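# Secondary and tertiary structure notes
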Amino acid sequence: MDHTAHHTGTAHDNAAQAAGGHGGHGSASWGTAVKATLHCLTGCAIGEILGMVIGTALLWGNVPTMVLAIALAFVFGYSFTLFALRRAGLDLKSAVKVALAADTVSIAIMELVDNGVVALSGAMDAHLSDTLFWTALLGGFAVAFLITTPVNKWMIGRGKGHAVVHAYH
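Just so it is clear, the model here is predicted, and its values are computed rather than measured.

### Section: the overall build of the chain
In terms of regular secondary structure, the chain is built from six helices and zero strands. Reading the secondary structure of the chain in the N-to-C direction produces α-α-α-α-α-α. Taken across its 169 residues, the chain has 41% of its residues classed as buried. Look at the contacts in the chain between residues 6 or more apart in sequence, and 70% of them connect residues 24 or more apart. Looking at the chain as shown, the accessible area adds up to about 8600 Å², and 70% of this sits on carbon and sulfur atoms.

### A closer look at unusual backbone geometry
The backbone of Leu59 shows a phi angle near 60°, a positive value even though the residue is not glycine. By the secondary structure assignment, Leu59 is in the loop between helix 2 (30–57) and helix 3 (62–87). For Leu59, a relative accessible area of 75% gives the class exposed.

### Here we look at the packing of aromatic side chains
For the structure shown, the criterion picks out two aromatic pairs. Note on Phe74 and Tyr78: the rings are 5.9 Å apart at their centroids and 50° apart in plane angle, and the pair reads as tilted. You can see Phe74 and its partner Tyr78 sitting in helix 3, four residues apart, about one turn around the helix. Taking relative accessible area as the criterion, Tyr78 reaches 15% and is therefore assigned buried. Aromatic side chains Phe133 and Trp134 sit 4.9 Å apart centroid to centroid with 80° between the ring planes, which places their arrangement in the edge-to-face category. Lying across the ring of Trp30, Lys153 places its NZ or CZ 5.1 Å from the centre.

### Some thoughts on the packing of helix 2 against helix 3
As a packed pair, helix 2 and helix 3 sit with axes 7 Å apart at the nearest point and diverge in direction by 150°. The angle between the axes of helix 2 and helix 3 places the two elements in the roughly antiparallel class. At the point where helix 2 passes helix 3, the crossing takes the right-handed sense. Considering only residue class, the contact of helix 2 with helix 3 consists of 13 nonpolar, 10 polar and one charged.

### Things to note about the side chain of Glu111
Examined against the element boundaries, Glu111 turns out to sit in helix 4 (residues 92–121). One buried charged residue, Glu111, remains without a salt bridge, the closest side chain of opposite sign being Arg87 at 21 Å. If we skip the residues at most four places from it in the chain, Glu111 touches Cys44, Glu48, Ala69, Ile70, Ala73, Phe74 and Gly116.

### Observations regarding the environment of Phe141
Take Phe141: it is sitting in helix 5 (residues 131–157). Considered as a pair, Phe141 and Asp114 are 27 residues apart in the sequence and their alpha carbons are 5.6 Å apart. Among residues more than four places away in sequence, those in contact with Phe141 are Leu41, Ala45, Glu48, Ile49 and Asp114.

### Concerning the nonpolar core
Core analysis: the largest hydrophobic core is formed by 31 residues, its most contacted members being Met52, Leu85, Met110, Val118 and Leu137. The element best represented in this core is helix 4, accounting for nine residues. Every residue in contact with Leu85, bar those within four places of it in the chain, is listed here: Leu90, Ala95, Val98, Ala99, Val165 and Tyr168.

About the criteria used
Residues numbered from 1 in each chain as written. Predicted model: local features only at pLDDT ≥ 70, side-chain atom pairs only at ≥ 80, totals over all residues. Heavy atoms only, no water. Helix = DSSP H or I, 4+ residues; strand = E, 2+ residues; numbered from the N terminus. Buried < 20%, exposed > 50% of the residue type's maximum accessible area, 1.4 Å probe, protein only. Contact = heavy atoms within 4.5 Å. Areas by Shrake-Rupley, 256 points an atom, 1.4 Å probe, with all protein chains shown as cover. Phe/Tyr/Trp six-rings, centres within 6.5 Å; stacked < 30°, edge-to-face > 60°. Lys NZ or Arg CZ within 6 Å of the ring centre and 35° of its normal. Axes fitted to C-alpha atoms, helices over the stretch in contact; angles between N-to-C directions. Parallel < 35°, antiparallel > 145°, perpendicular 65-115°, else oblique. Left-handed = near helix turned anticlockwise from the far one by under 90°. Nonpolar A, V, L, I, M, F, W, Y, C, P; charged D, E, K, R; others polar. Lys, Arg positive; Asp, Glu negative; His and termini not counted. Salt bridge = Lys/Arg side-chain N within 4 Å of Asp/Glu carboxyl O. Core = buried A, V, L, I, M, F, W, Y, C linked by side-chain atoms within 4.5 Å.

Right under this line is the structure:
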């Protein structure tokens, strides 16, 4: 099959090449998946910790604290990608679309796993000075990383997730 007719060097083509194959159906390396996951996890962790600290310090209940933490995790997770895309020259509207495509699944999985660990461990009832609070939160990040990395590898290998960002590097 002749692929030259539709190979125009578009961002989709570049993302597919970054993913390891034509049309995004190749395989991504574990190194690429780890970098993408760490990138997302860094933003998520900053937002999550900030939300937990603010909610706990303000003596909010568990539900509003978790909602704030999750919201800030998404905000910070997306913002890391947005800043990089804007630096690469994308307009704000395009950068938002790419960031949403690149990070939504990864952040959602991380938040589900991390908050599940925190909730199931009883850490939501702990204080900021308690070891349980920080152990559960950091342990949740570690578990989320282990679960999200293979998902990111699979998505990048298909030209999805963080593969769409590679076209702008």
